[in-house]
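Summary of the model geometry
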Amino acid sequence: MLERIHDAVIEHLQTKHTHNKELLDLLEVVKKWTPPTELLNWDKCMEELWAAMKQTGFNQYRPWHCSFLKCAADENEDLFTSQREPRLTAGAAEALHRRKRAGGHELNAEALK
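Rules of the game
- Residues numbered from 1 in each chain as written.
- Predicted model: local features only at pLDDT ≥ 70, side-chain atom pairs only at ≥ 80, totals over all residues.
- Heavy atoms only, no water.
- pLDDT = per-residue confidence, 0-100.
- Helix = DSSP H or I, 4+ residues; strand = E, 2+ residues; numbered from the N terminus.
- Salt bridge = Lys/Arg side-chain N within 4 Å of Asp/Glu carboxyl O.
- Buried < 20%, exposed > 50% of the residue type's maximum accessible area, 1.4 Å probe, protein only.

On to the confidence of the model for the chain. Per-residue confidence for the chain averages 76 on the pLDDT scale, and 73% of its residues sit at or above 70. Element-level pLDDT for the chain is lowest in helix α4 (residues 90–102), with a mean of 71, against a maximum mean of 84 in helix α1 (residues 2–16).

Structure (structure tokens):
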């Protein structure tokens, strides 16, 4: 395939630019050039593509993963704070302590305020 392109270009330049000696002199170098048997080195190409795919995958995955971790942390924080016992104000803690000393074991909603 490359040989046909090579030959067609040389033929075109020789027929259309016969009056341009400078160009025809340069064509001698092009005439001596032979196209490679392979257009691409597929082994090298695959190595580079593989590396690029891994980097692209990482670049796409990383923001999602960070977002996922942040959401999971927020959910865990919400879960932790909702399961924690309500904090007692100083007055409520004192009232609770007095009730325990007096022998009352029931918690009063008013005491927690």
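So, on to the pattern of salt bridges. Charged atoms that come close allow side chains of opposite charge to pair. Under the criterion given, the structure shown has three salt bridges. A salt bridge links K21 to D25, with the nearest nitrogen and oxygen atoms 3.4 Å apart. Pair noted here: K21 and D25 are both in helix α2 (residues 21–32), with a separation of four residues, about one helical turn. Residue classification places D25 among the partly exposed positions, given a relative accessible area of 43%.

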